[in-house]
Structures are given as structure tokens and as C-alpha cells.
Amino acid sequence: MIHHEKRVQIGWGKPVNLFFFGDLQWGTPGFSKEAWEEFKAEFKSTPNAWALGLGDYGDFVRPSMRAKLGSPLAHDDSTREQLDGMVRHEHDKILDLMGFLEGRLIGLHDGHHNWVFADGTNATQRFCTALRAPYLGWMAYTRLILHVIGHSKGTNGYAYMVLSMHGTGNGRHISSDVNWLMNNVYPNWDADLMVKGHSCKAISWFTERNYPRHRGTPGVDKKIIRFLNVGGFHGGYTDGWNASYVERAGFAPQPISWGVARIRLTNAKAVIGTKKSCIGLDVEAVSRGPGAFAKLYEGGR
């Protein structure tokens, strides 16, 4: 598990916009370049935008297949180097797609579709080096320090905790992903925002957690925990005879999407029903996707 900190500025009228993306699976027939271009346009046109990648950027070999492939290549350095060169060549094409994110990444996670080079590094680490991004491994805590514009550094800031991961699980239904997070992550970890990829299902929800006060007036302090299960850029069903694993398994088609969390400064009542106020954070976590265009029907009845 990776622990790191990222400092960003926030101000009145200048929210922090966090974009979560993953599961491009570039190189497969289902990858939607059009949707990726729309994501790119939204990110570049959004002020104070930062991104976090959730893995599976290319269609590299899954762990189960890597073990089978690696065994016969263990003593064949020449063939291994050739395969590494082929992966780097394809990898550079993905870097071209992701180039606009350079310097604006909170970090990049690993995924199931990855490649480990002969020197022990993997494809995601190569992405991180090229895009100047922290490497987040499989699961990471990010302490997001929101520094209020106009105040001296180190004061008047907020710590917003993000727990992110590529994730796992093969559930066919949206409820499976909700249950996976609520049963495996929520009871054991604490964060302001919990984010998962992998399943290509777009879901957002939030819940409340209560902490008993150890000092001051007896009672509880309430905390809202938000969840984002982020979709991907890979359509499971494509036109033609070349069926994907999604189609062969009969999985439900999922809309192409990405996640966005918008964090704003707000004046909040410290206690409901009183006139005492304080500055707080207004957070919105949603799923986003390509625009829907109505098609003109030109046929008869």
C-alpha cells in the first residue's frame, strides 16, 4: 500500500476538480477513442483539474497469463527482450494519448492488464516516469492538502483523504461492486472518498459514519464518506464478429464513463439551528460520460 501527500490550491470560486479514470484497455476493439477525446476536452477545459488513474491503461497480459508466459521465457533472455520491445512500442502509443495529463496527475495505479519488464519494473511505472506522476501501486492513501489561496503556506488548509485502488471482483451486477466496497473496504479503512475501478461500472453513493467525542460536550461527530466506482473507456460489445470476453460471458453492457469529484469552499453552519458559521468543504462526487446525441429518424413507420 502506498501513502503519499499532494498539495493543491483551493479558493472562493476556484474549486478543486479531481478526475478519476481507468480501464482504457487500449489495443482492444472496444476501446473508444471518441470517448477518450471527450474526457480530454473536459479535463483541459476545467480549471484547477487533477487526475488519478485507476489502472488497466493498455491490454497487457493478465497476472494468470504472465505466469504461464514467463515460465518458458525464464531462460530465454533474447525472446524476453524482444517481447519487452514490442510492449514498449505499444506503450508509447498510450503515452501519446495520455500526454495532456503530464504534470497534472495525483498518481497512477496498477491494474490486472499490466506488463513486467525483464528489469523488474512494470508498464505503469514507465507511464509514471514519462508523465511525472507518483506511482500508486495497487492501493493508496492520498492525503490531499487543500491550501486556501491568500493564506500563508502551512495555515488555513484542509486535509482531504482519498483511498483509491484498481480493485477486483467479477460480479455481473452493480450491487456486487457496492457490496465489495462496503464489505471489504468500508469496515476496515477510513477516508473522505473511496474510489475503485476494474469493473467498468459507474456508481456513486455516500454514507454517514459517527465518531464519539473523547473531549468536550458528549455526543458524536458525523462524517460523510463518499464512494466512486469508476467506469472505463472499453465497450464490451462491438459491431462485427470479433466478440470480447464481455460478450462471450454475457455480462451486462456498461456505459463508458469516468469519475469527477468537485471540492468547493463553502460557508457552513457549525451547528444546525444556530447562527454560528464556519468555512467548510462542499464535495460532489459523480460519474461522467460521453454526451448523448439524439439521432434523426429518417425511416418510415
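Residues numbered from 1 in each chain as written. Predicted model: local features only at pLDDT ≥ 70, side-chain atom pairs only at ≥ 80, totals over all residues. Heavy atoms only, no water.

Chemist: Would you mind going over the overall build of the protein with me for this structure?
Modeler: Of the regular secondary structure elements, the protein holds six helices and 11 strands. Evaluated residue by residue, the protein yields a buried proportion of 43% over its 301 residues. In the protein, 75% of the contacts between residues at least 6 apart in sequence involve partners at least 24 apart. (Helix = DSSP H or I, 4+ residues; strand = E, 2+ residues; numbered from the N terminus. Buried < 20%, exposed > 50% of the residue type's maximum accessible area, 1.4 Å probe, protein only. Contact = heavy atoms within 4.5 Å.)

Chemist: Can you walk me through the environment of Met 1 in this structure?
Modeler: Within the secondary structure layout, Met 1 lies in the segment before strand 1 (2–10). Along the sequence, Met 1 and Trp 138 sit 137 residues apart, while their C-alpha atoms lie 6.9 Å from each other.

Chemist: Help me out: how do you make sense of the packing of aromatic side chains in this one?
Modeler: A ring pair, where both rings are aromatic, is described by two values, the distance of the centres and the angle of the planes. Across all of its chains, the model carries 18 aromatic pairs by this definition. Ring centres 5.4 Å apart and planes at 70° place the aromatic pair Phe 39 and Trp 258 in the edge-to-face group. With a gap of 219 residues between them, Phe 39 in helix 1 (residues 33–45) and Trp 258 in strand 10 (residues 258–269) connect regions that are remote in the sequence. Looking at Phe 39, the relative accessible area reads 0%, which means it is buried. (Phe/Tyr/Trp six-rings, centres within 6.5 Å; stacked < 30°, edge-to-face > 60°.)

Chemist: Help me out: how do you make sense of the nonpolar core in this one?
Modeler: Generally speaking, nonpolar side chains in soluble globular proteins are found buried as a group. One finds Phe 21, Trp 36, Met 98, Leu 101, Leu 108 and Phe 233 to be the most contacted residues of the largest nonpolar core, which totals 28 residues. When residues of this core are traced back to their parent elements, those giving at least two are strand 2 (16–21), helix 1, strand 3 (49–53), helix 3 (77–98), strand 4 (105–108), helix 4 (123–131) and strand 10. Beyond its immediate sequence surroundings of up to four residues, Leu 101 is in contact with Phe 21, Trp 36, Phe 43 and Ala 51. Counting residues in each nonpolar core, the second largest holds 25 residues, with Ile 10, Leu 136, Ala 140 and Leu 265 among its members. (Core = buried A, V, L, I, M, F, W, Y, C linked by side-chain atoms within 4.5 Å.)

Chemist: What should I look at first to understand the sheet that holds strand 9 (residues 220–229) in this one?
Modeler: Working definition: the strands of a sheet are paired by backbone hydrogen bonds and lie parallel or antiparallel to each other. Spatially, 1-5-6-7-9-8 is the arrangement adopted by the six strands of the open sheet, whose pairing is mixed. Edge positions in the open sheet fall to strand 1 and strand 8 (203–212), since each of these has one partner strand only. Adjacent strand axes in the sheet meet at a mean angle of 20° when their direction is disregarded. Alignment of strand 1 against strand 5 (residues 139–148), held across nine bridges, turns out to be parallel. Each residue of the ladder has a partner; that of Glu 5, found in strand 5, is Arg 143. Across the face of the sheet, helix 5 (residues 174–185) comes into contact with strand 6 (157–165), strand 7 (193–196), strand 8 and strand 9 while running at roughly 25° to strand 8. (Pairing = 2+ DSSP bridges. Axes fitted to C-alpha atoms, helices over the stretch in contact; angles between N-to-C directions.)

Chemist: So what exactly am I meant to see when it comes to helix 5 here?
Modeler: Note on helix geometry: an α-helix contains 3.6 residues per turn, so any two residues three or four positions apart are oriented the same way. Helix length check: helix 5 (12 residues) gives 16 Å between terminal C-alpha atoms against 16 Å at 1.5 Å per residue, within 8%. Where helix 5 is concerned, the buried positions are Asp 177, Leu 181 and Val 185. Along the long axis of helix 5, the arc covered by the buried residues comes to 35°, so they all point the same way. Tucked inside the fold, the buried residues of helix 5 contact strand 6, strand 7, strand 8 and strand 9. (Expected span 1.5 Å × (residues − 1). Arc of directions from axis to C-beta.)

Geometric values such as these leave the question of function open.
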